[in-house]
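Inside the fold
Read off the chains here:
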Amino acid sequence: MREIVLLIGGGGREHAIARSLADSEVDLYACAGNRNPGIAALSSGFETLDTADTDAVVAYAESIDATIAVVGPEGPLAAGLVDALEAAGIYAFGPKQAAARIETDKAFQRRFMAENGIPGCPDFETFDDMEAACEFVDDYDGDLAIKPAGLTGGKGVKVIGDQVTADEGKAYIRDSDYDRIVLEERLVGEEFTVQAFVANGSVRTAPAVQDHKRAYEGDEGPNTGGMGSYSAPGTDLPFMDDGDYDRAVEIIDATVEALEDYKGILYGQFMLTADGPKVVEFNARFGDPEAMNTLPVLETDFRDVLIAARNGEALPDLSFTEEATVCKYAVPEGYPTDPEAGARVEIDAESAGEALLYYASVDERDDGIYTTTSRSFAVVGRANSIGAAESIAEDALAVAGEEGLQVRHDIGTDELVQRRIDHMAELRDA
Ligand code: AMP
Ligand code: GLY
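Small disclaimer: the values here were computed from a predicted structure and weren't measured.

Counting secondary structure elements, the chain contains 14 helices and 24 strands. For a compact globule of 430 residues, the expected C-alpha radius of gyration is about 22 Å, and the chain comes in at 21 Å, within 12% of that figure. Overall, the C-alpha framework of the chain stretches about 60 × 45 × 45 Å when taken along its three principal axes. Put simply, the chain has 430 residues, and 58% of those count as buried. Within the chain, counting contacts between residues at least 6 apart in sequence, those at least 24 apart form 67% of the total. Carbon and sulfur atoms provide 41% of the accessible area of the chain, an area that totals close to 16600 Å². In the chain, the 34 positive side-chain charges and the 84 negative ones have mean positions that sit 2 Å from each other.

Shown next, in the form of structure tokens:
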């Protein structure tokens, strides 16, 4: 039987999912709030709808007789889309609303780690009284990360001693109208991501990836959803030691075991500290951009993973090509604080050369492709070294055109990767 797969979401991550499924024997349909031209071109049908409107998505899934749904972003997971699809008899690869709290509620996430003795949890306290939180900042010996408990698209966290002073941190706590926040020990080190495919008790992890959260080159500026990312041949990144990746996988394994019946992608964001990997956060989905590093090097057919997951079977072992990847995002000028939406972008997909081009939150209209307030498109280079993959991505940016857009050209460069290595060596020697 040919599977009819409905993909939910219209960003770069979902374009990467669409491309990996388009290579398989499936009939692909998609729905998203924006018409992503890359996904639309790969799909037999594309419906523009609000993906957090579970009734609308279920109605579309039923109209195409979907046999499997794949949920890309966190918003629909938080809205209970998986529960709604399954109530309608459609298997969805993604966690139910309750399990997705591991991402959607950071206070729950930390308590869950503490209660289940999951290693790698920083010291933390949760607050719903903001004055009490400010007092905690005054009394705490050391720097803290301030995290709104709910979803903020990666943009809500402020780290004292890094982005803000203690006074600025307190002003942020008082002036934002968050109901609940987490204050936790500031972790110092290098960040990396490990994504796991999870279902029926199987946990299959992908190679580590490093994302770049800060908006500007040299890791300056506000946090974003992620400006680009790289991975190396094999599972490790150049600043990691033997055993660091395995520690991260152990943390993911322990988390899946404690979550019971989790299915979908579990994304672990780690800080590699002098004491090993600590958990920055978990996400209940692929990373964006990290999906664009991982899926292009996945040799196993993603369709086979989905079918095994649905059929209650163990997931197949995954194999990945021994290639490095570098992903660079082009985002609207002013992103993330004051993004210029509605600009028309000229993207010449044909001239991306060896690179892969992924459309993100752009909207295809009758007369062209327009930016939204979020990231616009990404290019990914694949090669046998990070440096070679970086050159491929840069060449592709030149031809795709980046007028009216901003890019972090430093991602994946030898210089930046060396800084990560030196930083880690310095911390380990201290
Ligand atoms: P999150 O939304 O939890 O991914 O946080 C966004 C970014 O804030 C992370 O990628 C880190 O760079 C930073 N961050 C979050 N928690 C901490 C922490 N405990 N210590 C240092 N940095 C953090
Ligand atoms: N790359 C960060 C995220 O997907 O949340």
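Their axes nearest at 8 Å, the elements helix 1 (residues 12-22) and helix 12 (residues 302-310) cross at an angle of 95°. By the angle class used here, helix 1 and helix 12 are roughly perpendicular. Along its contact with helix 1, which presents I17, S20 and L21, the element helix 12 presents F302, R303 and L306. Residues belonging to the contact of helix 1 with helix 12 are distributed by class as follows: four nonpolar, one polar and one charged.

This part covers the site of ligand 1. In the neighbourhood of ligand 1, 15 residues make up the surrounding shell, with E184, E185, L187, E191 and E281 lying closest. The side chain of E191 places a nitrogen or oxygen atom 2.5 Å from an oxygen atom of ligand 1. One of the side-chain N or O atoms of E281 is found 2.6 Å from an oxygen atom in ligand 1. About the coverage of ligand 1: the protein hides 94% of its 470 Å² of free accessible area. Put simply, the parts of the chain that give the shell around ligand 1 at least two residues each are strand 7 (144-148), strand 9 (181-185) and strand 17 (276-283). Partitioned by chemical class, the residues of the shell around ligand 1 number six nonpolar, one polar and eight charged.

Taken together, D211, K213, G225, Y267, N283, R285, G287, D288, P289 and E290 form the complete shell of residues around ligand 2. Contact between ligand 2 and D288: an oxygen atom at 2.9 Å from a main-chain N or O atom of the residue. Across the complex, the protein chains shield 93% of the 200 Å² of accessible surface that ligand 2 would expose by itself.

Glancing now at helix 14 (residues 414-429). Its 16 residues place the ends of helix 14 22 Å apart at the C-alpha level, agreeing with the 22 Å of an ideal helix rising 1.5 Å per residue. Here helix 14 has its buried residues at L416, V417, R420 and M424. Projected down its long axis, helix 14 shows its buried positions confined to an angular sector of 105°, all on one face. Counted as exposed and oriented over 90 degrees from the buried face of helix 14: D414, E415, E426 and D429.

With that out of the way, let us pick up the packing of aromatic side chains. For the structure shown, the criterion picks out nine aromatic pairs. Through a chain of ring-to-ring contacts, three or more aromatic side chains come together here, namely F93, F197, F286 and F302. In this structure, R19 is placed above the aromatic ring of Y358, and the distance from its NZ or CZ to the ring centre is 4.6 Å. Taking the ring centre of Y91 as reference, the NZ or CZ of K263 above it sits at 5.2 Å.

Across the sheet, four strands lie side by side as 11-10-16-17; this open sheet has antiparallel pairing. The sheet is open, and its two borders are formed by strand 11 (202-205) and strand 17, each paired with just one other strand. Put simply, the sheet's adjacent strands are angled 35° from each other on average, direction ignored. Pairing between strand 10 (residues 190-199) and strand 11: four bridges, direction antiparallel. Residue F197 lies in a different strand from strand 11, and its bridge partner there is R204. Strands strand 10, strand 11, strand 16 (264-273) and strand 17 of the sheet are contacted by helix 10 (residues 244-259), whose axis makes an angle of about 135° with strand 16.

The next subject is the nonpolar core. The biggest cluster of nonpolar side chains holds 121 residues, and the ones touching the most others in it are L6, I8, L85, F192, F197 and F302. With seven residues, the top contributor of residues to this core is helix 10. In this view, I8 contacts E14, C31, T51, V57, A69, V70, V71, G72, P73, P76, L81 and L85; residues no more than four positions away in its chain are not counted. A133, I146, I160 and I173 belong to the second-largest nonpolar core, a separate cluster that totals 13 residues.

Parameters at a glance
Residues numbered from 1 in each chain as written. Chains lettered and ligands numbered in written order. Predicted model: local features only at pLDDT ≥ 70, side-chain atom pairs only at ≥ 80, totals over all residues. Heavy atoms only, no water. Helix = DSSP H or I, 4+ residues; strand = E, 2+ residues; numbered from the N terminus. Rg over C-alpha atoms; globule rule 2.2 N^0.38 Å. Buried < 20%, exposed > 50% of the residue type's maximum accessible area, 1.4 Å probe, protein only. Contact = heavy atoms within 4.5 Å. Areas by Shrake-Rupley, 256 points an atom, 1.4 Å probe, with all protein chains shown as cover. Lys, Arg positive; Asp, Glu negative; His and termini not counted. Charge placed at Lys NZ, Arg CZ, Asp CG, Glu CD. Axes fitted to C-alpha atoms, helices over the stretch in contact; angles between N-to-C directions. Parallel < 35°, antiparallel > 145°, perpendicular 65-115°, else oblique. Nonpolar A, V, L, I, M, F, W, Y, C, P; charged D, E, K, R; others polar. Near = heavy atom within 4 Å. Polar contact = N/O pair within 3.5 Å; in protein donor to acceptor, adjacent residues only side chain to side chain. Expected span 1.5 Å × (residues − 1). Arc of directions from axis to C-beta. Phe/Tyr/Trp six-rings, centres within 6.5 Å; stacked < 30°, edge-to-face > 60°. Lys NZ or Arg CZ within 6 Å of the ring centre and 35° of its normal. Pairing = 2+ DSSP bridges. Core = buried A, V, L, I, M, F, W, Y, C linked by side-chain atoms within 4.5 Å.

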